[in-house]
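Notes for the structure review
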Amino acid sequence: CDAYGNVTGYGFTTNPAWHFIESILRLKIKPQQPGLAGLTDAEKACFNWESVAETAARNDFILPNGRPRFVGSYIFAADATLTNVLETILRVSRSYQRVVGNQIYLIGDDPRPSIFFMGANHIVPGSLRLAKKDVSRSPNVFVPRYRDIDIPAVSRVIKVEVQTVDLGGG
């Protein structure tokens, strides 16, 4: 499909964006119809095709090693639910779906710069100075906060690798 939902051809692909669309079509929207029938206007309207085409292009981007950025090759059990299938596809391609209005958006979750949020616990009481401590010799600590419980969990991070990816933006 193109950026407007028009079927431009059928063929084998390893692009997870097209696997995502095909899974929703085959398991939810039109499970009984043959794939070569094309899409009706109502079926096209279920997706935001610009976001799908953009994510597909992102997945097909050729890295310096000569391979596409994201490739999908999976095996699903016959009784796998649509939720299980989509979760696997989205994890493989570091993407997520969002429903806005009646349209499904497919969005690639690309690396972002680190962000530091400063809160009241970072300020020295009675001053406007930041409470700093030398963390150069400290182990990395990950403290997640969950919405359903207000108890933070702490775990040690054994190894952190940072890779930079040239996104071609200059």
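This text follows the structure it describes.
What you see is a predicted model, and the numbers here were worked out from it, not measured in a lab. (Residues numbered from 1 in each chain as written. Predicted model: local features only at pLDDT ≥ 70, side-chain atom pairs only at ≥ 80, totals over all residues. Heavy atoms only, no water.)

1. Focus on the packing of helix α1 (residues 16-29) against helix α3 (residues 49-60)
With their axes 7 Å apart at the nearest point, α1 and α3 run at an angle of 140° to one another. Comparing the axis directions of α1 and α3 gives the class oblique. Only Trp 49, Val 52, Thr 55, Ala 56 and Asn 59 of α3 make contact with α1, whose side of the interface consists of Pro 16, Ala 17, Trp 18 and Ile 21. When grouped by side-chain class, the residues that make up the contact of α1 with α3 number seven nonpolar, two polar and no charged. (Axes fitted to C-alpha atoms, helices over the stretch in contact; angles between N-to-C directions. Helix = DSSP H or I, 4+ residues; strand = E, 2+ residues; numbered from the N terminus. Parallel < 35°, antiparallel > 145°, perpendicular 65-115°, else oblique. Contact = heavy atoms within 4.5 Å. Nonpolar A, V, L, I, M, F, W, Y, C, P; charged D, E, K, R; others polar.)

2. Let's talk about the nonpolar core
In this structure, Phe 20, Ile 21, Ile 24, Phe 47, Trp 49 and Leu 106 are the most contacted members of the largest nonpolar core, which totals 16 residues. Counting only elements with at least two residues in this core, the list comes to α1, α3, α4 (82-92) and β2 (103-108). When residues in this core are grouped by element, the largest group, five residues, is from α1. Sequence-distant contacts of Phe 47, that is, excluding residues within four places in its chain, are made with Ile 21, Ile 24, Leu 25, Ile 29, Gln 103 and Ile 104. (Core = buried A, V, L, I, M, F, W, Y, C linked by side-chain atoms within 4.5 Å. Buried < 20%, exposed > 50% of the residue type's maximum accessible area, 1.4 Å probe, protein only.)

3. Describing the pairing of β2
Alternating residues of β2 divide into Ile 104, Leu 106 and Gly 108, all buried, and Gln 103, Tyr 105 and Ile 107, none buried. Two successive antiparallel strands, strand β1 (residues 95-100) and β2, enclose a turn made up of two residues, where Gly 101 displays a positive phi of approximately 65°. (Pairing = 2+ DSSP bridges.)

4. Side note on the pattern of salt bridges
Following the criterion strictly, the structure yields three salt bridges and no others. Of the charged contacts in the structure, one is a salt bridge between Glu 22 and Arg 26, with a shortest N-O distance of 2.7 Å. Of this pair, Glu 22 and Arg 26 both sit in helix α1, separated by four residues, roughly a single helical turn. Among the residues examined, Glu 22 registers a relative accessible area of 33% and is labelled partly exposed. Between Glu 87 and Arg 91 there is a salt bridge whose closest N-O contact spans 2.8 Å. Of this pair, Glu 87 and Arg 91 both sit in helix α4, four residues apart, which is roughly one turn of that helix. (Salt bridge = Lys/Arg side-chain N within 4 Å of Asp/Glu carboxyl O.)

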